[in-house]
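Residue-level structural notes
Each chain, written out:
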Amino acid sequence: MENRQGEIVYLQSLISLCLRVSVADLWFLRTIPEMRMAEVIRATFVTVSPPFARPTIALAQPLRMPKHPVRSADLNLGQPLPVEMRRIEGREWWLWVFAVGVTLLLTAAIISFTFPWFPFQPYNTYWSDLRDWVRALAALVLMFDLYTIYQHLQLHRMRRELTEREQLFRLISENAADMIALVDNDGHRLYNSPAYSKVLGYSQEELQATSSLEQVHPEDRQRVLEAAQKARSTGRGQQLEYRMRHKDGSWRILESTASAIRNAKGDIEQMVIVNRDITERKRAEEMLAHNAFYDGLTNLPNRALFLTRLQHALDMAKRHANYKFAVLFIDMDEFKVVNDSLGHTAGDELLIQIGQRLSRSLRREDTVARSHPGVPSGESLARIGGDEFTIVLDDIADPSDAVRVAERIQSGLAVPFVINRQEVVVSASLGIALSTTVRAAAEEVLRDAEIAMYRAKRAGKARCEVFDTAMYATAVQRLRLETDLRKALERGELINYYQPIVSLPSGAICGFEALVRWRRVQGLMAPGEFLPVACETGLIITMNKALLRQACQQLRSWQMQFPEQPPLLMSVNISPPEFARPDLPATIRATLQQSGLHPGSLQLEVMETIAMGDAEAAGVLGTLKALGVRLSIDDFGTGYSSLSRLQRLPVDSLKIDRSFISGMDRDKEAWEIVRVIITLAHNLGLKVVAEGVETEEQAKQLTELGCELAQGYFFARPADPQTITQLLRRRQVGELEVVGAVAPVGKK
């Protein structure tokens, strides 16, 4: 009986020990994850934003941070697990194996009671029930151990995932270009990512020893404090830009976003701050803004900024009746010559020096906008394109002030510039627009100043003109004329009128001069009204091509209807723009081939200023002469001729300008000039054509001087092809006296 009681006590002790070990095992397995979780940061994810985007950081909640400052990350990045973590896990496995081993041994000891060699009373009910109970208990312990092993494997997997996540966070935070910092509520730094050292130059020790506000620019500290306070109160940070001092003393511009970290109670304990260095981006933005409003060559305001400044002055003039301003439009005269002779690099250098000299030529009150806050001095002077500059004279007392400034500018520009050790002298034409004229927009003021500038150029350059309403009306009329002229070319409204050229000795018609007319619905328009516009706009090229073809076809038709010996001649004027084109000989050759006209029947008239003034003119004239056409110098006597050059030109005749012919019958000097020209031409073997003969006396004097040919109202006015055809037909049948037609010398 005593042995049986001892056995029962022994069994109860084993069971109790087994239960205690199992409970200890459960407690150990529960505490191990907590011990492990205290060593890691629970789930921190960094959202890396694209360049120039707002940086953000999201933290898994709740995040329990230690109360002591966090050491800077010193993990060996790139290893699967840190050395310390492997040592902790090794100890954990050893303790777990020991606990499970003890449990299994105790379980085996309990089961041993059910083995056959254990003495018991087979017919004793007590032992039979105890064996079943022991087996059930052993099965329960085994199930518990299996469950413990499963839970341990799960916890081990979770720990590895958390470790990998921690490694990923540290890898990102320590290699990110953005600066990541953790600060407490007092502004002390708890953690700084290595990017702080790369961007700002401070070491980790220097950052830990200073407050987060010490490097912030004094002017930005208040905004930073307000943003931090708002983030702590609302839990949401806002994007903020501020300056922070680099270790070398320079200032970097940072874009910052703060996120709050709450404890288990929901109170905010720390702030995670993500800073991005946007200094280069800000410089690029400033450069783009500068390039958008400033000229890249002279660094002066461009057209856009100038119009903004001008609009402000215009608004001021509308609000205050006593406020007056003026706009000066400056354009360099013959600036193209500088580019063509010295090169565009020298031209650019000259523009830079012109801008600098213009700035020095202005008084302070000329350049400072008194009522325009935020606009720096000097923005009243601008380069709006090419060699064009503009100036706003702000708050002038009298319009004469603008004229005095213009004169001062012209005097300043008259001093030679030195470009590549070579002196360059330039002049400028200025247009002035005053605020006294009512205008709605800045563009209109600038337009009026430009109109006045072009008036100064047409008046002789190196001048200054003040805009008036008549100029605007003229400009509008010119624009309308240009538009109508383009349409006229498309509609074929430009036609040739023909004025006969008469042989003075015989009175016979030798040929015609083709003179353009514009046949409009309102009537014919004389060439003097639209030819200047055609030359300025380049329309003269297209227009004269069509008129040349028309004149050649018409002359060929008359030659076939009225064959004479020598055949009739057609004179056609060559404009300066045409003469400068290299394709002029090819155009004339093609026209002669298309019309079937013999080259000797076409005479090209070139102005004296073009034929005698250009050194390359002789070559062009030689090329034209090779086509077989005749050449004549038009308006001879009005230019500055060189006799040595004249004798080398391959021309056939000279045409005396009408200004000498009209006065030769009453002015002895004019008569003498005509005589000298005729004598000179004959000595050079050239024929002479007198233009603008209007009286019988002029015709007689020209005949006496030996002039061969003449044209003018005394013989016939320019007429359309139908009238000239009737004239030729009457001449053919001997009707010499026809009203308004050619008559022999001495007949009106």
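Look up: the structure comes first, before these words.
So, here is what we can say about the structure in this document. (Residues numbered from 1 in each chain as written. Predicted model: local features only at pLDDT ≥ 70, side-chain atom pairs only at ≥ 80, totals over all residues. Heavy atoms only, no water.)

1. Examining the overall build of the chain
A count of helices and strands for the chain gives 25 helices and 23 strands. A total accessible area of about 39,100 Å² is found for the chain, and carbon and sulfur atoms account for 55% of it. (Helix = DSSP H or I, 4+ residues; strand = E, 2+ residues; numbered from the N terminus. Areas by Shrake-Rupley, 256 points an atom, 1.4 Å probe, with all protein chains shown as cover.)

2. Some remarks on the pattern of salt bridges
Counted according to the given criterion, the structure contains 35 salt bridges. R276 is the salt-bridge partner of D178, the closest N and O atoms lying 2.9 Å from each other. Of this pair, D178 sits in the loop between α3 (125–175) and β3 (179–184) while R276 is found in strand β7 (residues 268–277), placing the two residues 98 residues apart along the sequence. Relative accessible area serves as the criterion here: at 13%, D178 is assigned to the buried category. Across the salt bridge formed by R447 and D448, the nearest N and O atoms sit 3.0 Å from each other. Beyond isolated ion pairs, a larger network of salt bridges with shared partners links E241, E255, R281, K282 and E285. (Salt bridge = Lys/Arg side-chain N within 4 Å of Asp/Glu carboxyl O. Buried < 20%, exposed > 50% of the residue type's maximum accessible area, 1.4 Å probe, protein only.)

3. Side note on the sheet that holds β7
Taken in spatial order, the five strands of this open sheet run β4-β3-β7-β6-β5, and their pairing is antiparallel. Among the strands making up the open sheet, the edge pair consists of β4 (189–192) and β5 (240–245). For this sheet, the mean angle separating the axes of adjacent strands, direction not counted, is 30°. Against the sheet, helix α6 (residues 221–234) contacts β3, β5, β6 (251–262) and β7, and its axis sits at roughly 130° relative to β5. Together, β5, β6 and β7 form the strand contacts of helix α7 (residues 279–293), whose direction differs from that of β6 by roughly 130°. (Pairing = 2+ DSSP bridges. Axes fitted to C-alpha atoms, helices over the stretch in contact; angles between N-to-C directions. Contact = heavy atoms within 4.5 Å.)

4. Some thoughts on the nonpolar core
Counting 61 residues, the largest nonpolar core has I588, L602 and L702 as the members making the most contacts within it. Among the elements that make up this core, the one with the highest residue count is helix α16 (residues 539–561) (five residues). Not counting chain neighbours up to four residues away, the residues in contact with L602 comprise L548, C552, L569, M570, V572, I588, L592, L597, V629 and R630. Formed by 31 residues, the second largest nonpolar core is a distinct cluster that contains L350, L381, I409 and F417. (Core = buried A, V, L, I, M, F, W, Y, C linked by side-chain atoms within 4.5 Å.)

5. Considerations on the sheet that holds strand β8 (residues 326–332)
Strand order in this open sheet of five strands is β9-β10-β8-β13-β14, and the pairing throughout is mixed. Since the sheet does not close on itself, it has two edges, and those belong to β9 (381–385) and β14 (464–466), each with one partner. Within the sheet, the average angular offset between the axes of one strand and its neighbour, ignoring direction, is 20°. Two strands pair when backbone bridges link them, and β9 and strand β10 (residues 388–393) are joined in this way by four bridges, in the antiparallel orientation. Directly across from A382, in β10, lies its bridge partner T390. Across the sheet, helix α13 (residues 442–458) is in contact with β8, β9, β10, β13 (428–434) and β14; its angle to β13 comes to roughly 140°.

6. Describing helix α15 (residues 527–537)
P527, F530, V533 and A534 are the residues of α15 that are buried. Within α15, the buried residues cover an arc of 150° as seen down the axis, which keeps them to one side. The secondary structure elements touched by the buried residues of α15 are α14 (469–491), β15 (494–503), β16 (509–520), β17 (523–525) and α16. Looking one or two residues past α15, G538 carries a phi angle of roughly 85°, positive in sign. (Arc of directions from axis to C-beta.)

7. Some remarks on the packing of aromatic side chains
To describe a pair of aromatic rings, you give the distance between the ring centres and the angle between the ring planes. Here the structure, examined in full by the defined rule, presents five aromatic pairs. Seen from their ring centres, F512 and W558 are 4.9 Å apart, and the 45° between their planes marks the pair as tilted. Here the residue F512 occupies a position in strand β16, and W558 occupies one in helix α16, the gap between them amounting to 46 residues. Judged by relative accessible area, which is 0%, W558 ranks as buried. An angle of 85° between the planes, with centres 5.6 Å apart, marks the rings of W518 and F530 as edge-to-face. Separated by twelve residues along the polypeptide, W518 in strand β16 and F530 in helix α15 bring together distant segments of the chain. With a relative accessible area of 1%, W518 lands in the buried category. F530 sits in the buried class, given a relative accessible area of 0%. Joined through ring pairs, the aromatic side chains of Y498, F512 and W558 make up one cluster. Against the face of W671 rests K668, its NZ or CZ located 4.2 Å from the ring centre. Across the ring face of Y713, the terminal group of R717 is positioned such that the distance to the ring centre comes to 4.1 Å. (Phe/Tyr/Trp six-rings, centres within 6.5 Å; stacked < 30°, edge-to-face > 60°. Lys NZ or Arg CZ within 6 Å of the ring centre and 35° of its normal.)

8. Things to note about α13
For α13, with 17 residues, the first-to-last C-alpha span of 25 Å sits near the 24 Å given by 1.5 Å per residue. Along α13, the residues classified as buried are A442, V445, L446, D448, A449, I451, A452, M453, A456 and K457. (Expected span 1.5 Å × (residues − 1).)

9. Re the pairing of β8
Of all seven residues making up β8, seven are buried, and the element is well covered by its neighbours. Side chains A326, L328, I330 and M332 of β8 all project onto a buried face; the interleaved residues V327, F329 and D331 project onto the opposite face, where all are buried too. Note: β8 against β10, six bridges, orientation antiparallel. Bridged to I330 within β10 is F389.

10. A word on the environment of G249
Looking at where G249 falls in the secondary structure, it is placed in the loop between β5 and β6. Residue G249 is classed as partly exposed on the basis of its relative accessible area of 41%. Counting along the chain gives 49 residues from G249 to L200, while the straight-line C-alpha distance between them is 9.8 Å.

11. Overview of unusual backbone geometry
The phi dihedral of E334 falls on the positive side, at around 55°, and the residue is not glycine. Residue position: E334 is located in the loop between β8 and α9 (335–342). Phi at A462 is positive, roughly 55°, even though this residue is not glycine. Its location among the elements puts A462 in the loop between α13 and β14.

12. Considerations on the pairing of β16
For β16, the tally of buried residues reaches nine of twelve residues, placing the bulk of the element in the interior. Sheet topology places β15 next to β16; nine bridges connect them, and they run antiparallel. Bridge pairing in β16 places I501 opposite G511. Counted along the chain from β15 to the antiparallel partner β16, the turn is five residues long, and its residue G507 has a positive phi close to 80°. With three bridges joining them, β16 and strand β18 (residues 569–574) adopt parallel strand pairing. Its bridge partner lying in β18, F512 is registered against M570. The pairing of β16 with β17 spans three bridges and is antiparallel. Residue pairing across strands places R519 opposite L524, the latter belonging to β17. In this antiparallel pair of consecutive strands, β16 and β17, the connection spans two residues.

Take it as geometry only, folks, not as evidence of what the structure does.
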